[in-house]
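A closer look at the structure
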Amino acid sequence: MTPEPNLADVVARLRRAMRRAARTADPDNTLSVAQLELLSCLAENPGARPSRVAQLLKLAPNSVTTMVTGLRARDLVTRTSGSEDRRTVELELTDSGRAAVDRYKHHNAEILAAAIDRLHPAWRHLIASAIPALAELVGAIDQLAEDAPPAADRP
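This section reports on the structure supplied with the text. Starting from 1, residues in each chain are numbered consecutively following that chain's sequence as written. With pLDDT at 70 or above as the cut-off, local features in this predicted model cover only qualifying residues; side-chain atom pairs require 80 or more to be listed or tallied, and sums for whole chains, interfaces and linings still use all residues. Think of the side-chain values as coming from all heavy atoms in the structure, minus any hydrogens and water.

Here the focus is the overall build of the protein. Across its full length, the protein carries six helices and two strands. Numbered from the N terminus, helices here are DSSP runs of H or I no shorter than four residues, and strands are runs of E no shorter than two. Element order for the protein, N to C, with α for helix and β for strand: α-α-α-α-β-β-α-α. Counting only C-alpha atoms and orienting by the principal axes, one finds that the protein spans roughly 60 × 45 × 25 Å. The cut-offs for exposure are 20% and 50% of the maximum accessible area for each residue type, with area from a 1.4 Å probe on protein chains only; residues under the lower value are buried, those over the upper are exposed, and the others partly exposed. Evaluated residue by residue, the protein yields a buried proportion of 22% over its 155 residues.

Structure (structure tokens):
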């Protein structure tokens, strides 16, 4: 008998299933999930500094710099001098970058809607009623990540 999956298992499987389905829904997309997450982060945090993006995505600053360089070469992101301090850098999405984020979100919404339509109405109702609790769970997890000490400070 197979044990019931726990929430962490289901979330991990859901993320993998969404990535596979997104590749099928948009085979012309050549952006990686990490690049799409960075673009989505900038859509939610316009004008963010690379260090802030690294902090939000829990990535090494050099990883963000490498991704931003590639995204700039594809005209998806711009780098400008900071509005308050000219020595800093701010990142913005270009129109093409916004379109990539919109396409990514649109495909994800379509995938979820099509999958939910295949479920029994009782499951659809349970999922719909769980959305506020899941949104609060996301906020709590984000707060845990924000509160965590940097890796260099951990024992």
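Okay, the nonpolar core next. Definition used in this section: a nonpolar core is a set of buried Ala, Val, Leu, Ile, Met, Phe, Trp, Tyr and Cys residues joined via side-chain atoms within 4.5 Å. If you look at the biggest cluster of nonpolar residues, it comprises 19 residues, and the most contacted ones within it are Leu 31, Leu 38, Leu 39, Leu 42, Val 53, Leu 71 and Val 77. Contributions of two or more residues to this core are made by helix 2 (33-44), helix 3 (50-57), helix 4 (61-73), strand 2 (89-93) and helix 5 (95-117). Per element, the largest residue contribution to this core is five residues, and it comes from helix 2. Non-local contacts of Leu 71, meaning those with residues more than four positions away in its chain, are made with Leu 31, Gln 35, Leu 38, Leu 39, Leu 76 and Val 77. Any two residues having at least one pair of non-hydrogen atoms within 4.5 Å are treated as being in contact.

A contiguous nonpolar surface patch, about 420 Å² in accessible area, is contributed by Leu 7, Val 11, Leu 134, Leu 137 and Ile 141. Counting only elements with at least two residues in the nonpolar patch, the list comes to helix 1 (7-25) and helix 6 (121-147). Assignment of secondary structure puts Ile 141 in helix 6. For patch building, the residue pool is restricted to those with more than 30% relative accessible area and no salt bridge; the joining distance is 9 Å between like charges and 5 Å between nonpolar side chains (Val, Leu, Ile, Met, Phe, Trp, Tyr). Accessible surface is estimated by sampling points in the Shrake-Rupley manner with a 1.4 Å probe; for residues, cover comes only from the protein chains shown. Think of a salt bridge as a Lys or Arg side-chain nitrogen and an Asp or Glu carboxyl oxygen that are within 4 Å of each other.

In this analysis, the expected span of each helix is defined as 1.5 Å times one less than the number of residues it contains. Helix length check: helix 5, at 23 residues, gives a terminal C-alpha distance of 32 Å against a target of 33 Å (1.5 Å per residue), a fit within 8%. Inspection of helix 5 places Gly 97, Ala 100, Val 101, His 107, Asn 108 and Ile 111 among the buried residues, and these make up the whole buried set. Buried-residue contacts for helix 5 involve helix 1, helix 2 and strand 2.

What follows concerns the pattern of salt bridges. Considering all chains together, one arrives at four salt bridges under this definition. Among the salt bridges present, the one from Arg 52 reaches Glu 146, with a minimum N-O distance of 3.9 Å. With Arg 52 in helix 3 and Glu 146 in helix 6, this residue pair connects regions lying 94 residues apart in the sequence. With a closest N to O distance of 3.4 Å, Arg 98 and Asp 95 form a salt bridge. Taken together, the positions of Arg 98 and Asp 95, both in helix 5 and three residues apart, correspond to about one turn of that helix.

This paragraph deals with the environment of Asn 6. Residue position: Asn 6 is located in the segment before helix 1. Looking at Asn 6, the relative accessible area reads 42%, which means it is partly exposed. Polar contact criterion, stated in full: a pair of N or O atoms within 3.5 Å, where within protein one must be able to donate a hydrogen and the other to accept it, and residues adjacent in sequence count only if both atoms are side-chain atoms. Looking at Asn 6, its side chain comes within polar contact range of the main-chain nitrogen of Ala 8, at 3.0 Å.

Look at Lys 58: it is not a glycine, yet its phi comes out positive at around 55°. Of note, the phi angle at Asp 75 is positive, near 60°, even though the residue is not glycine. Tracing the chain through its elements places Asp 75 in the loop between helix 4 and strand 1 (77-81). For Asp 75, a relative accessible area of 45% corresponds to the partly exposed category.

By secondary structure assignment, the location of Asp 26 is in the loop between helix 1 and helix 2. Within the structure, the side chain of Asp 26 is placed 3.5 Å from the side chain of Arg 103, a separation counted as a polar contact. Excluding residues that lie within four positions of it along the chain, Asp 26 makes contacts with Arg 103 and His 107.

The next subject is the packing of helix 2 against helix 5. Contact geometry for helix 2 and helix 5: axes closest at 9 Å, N-to-C directions at 110°. With respect to each other, helix 2 and helix 5 are oriented roughly perpendicular. When helix 2 is examined against helix 5, the residues Leu 36, Leu 39, Ser 40 and Ala 43 are found in contact with a partner set consisting of Ala 100, Val 101 and Tyr 104. Tallied by class, the residues present in the contact of helix 2 with helix 5 amount to six nonpolar, one polar and no charged. A fitted line through C-alpha atoms represents every axis, and for helices the fit uses only the stretch in contact; the resulting angles, taken between N-to-C directions, go from 0 to 180 degrees. The scheme is simple: roughly parallel for angles under 35 degrees, roughly antiparallel for over 145, roughly perpendicular for 65 to 115, oblique for anything else. Classification used: nonpolar for Ala, Val, Leu, Ile, Met, Phe, Trp, Tyr, Cys and Pro, charged for Asp, Glu, Lys and Arg, polar for all others including Gly.

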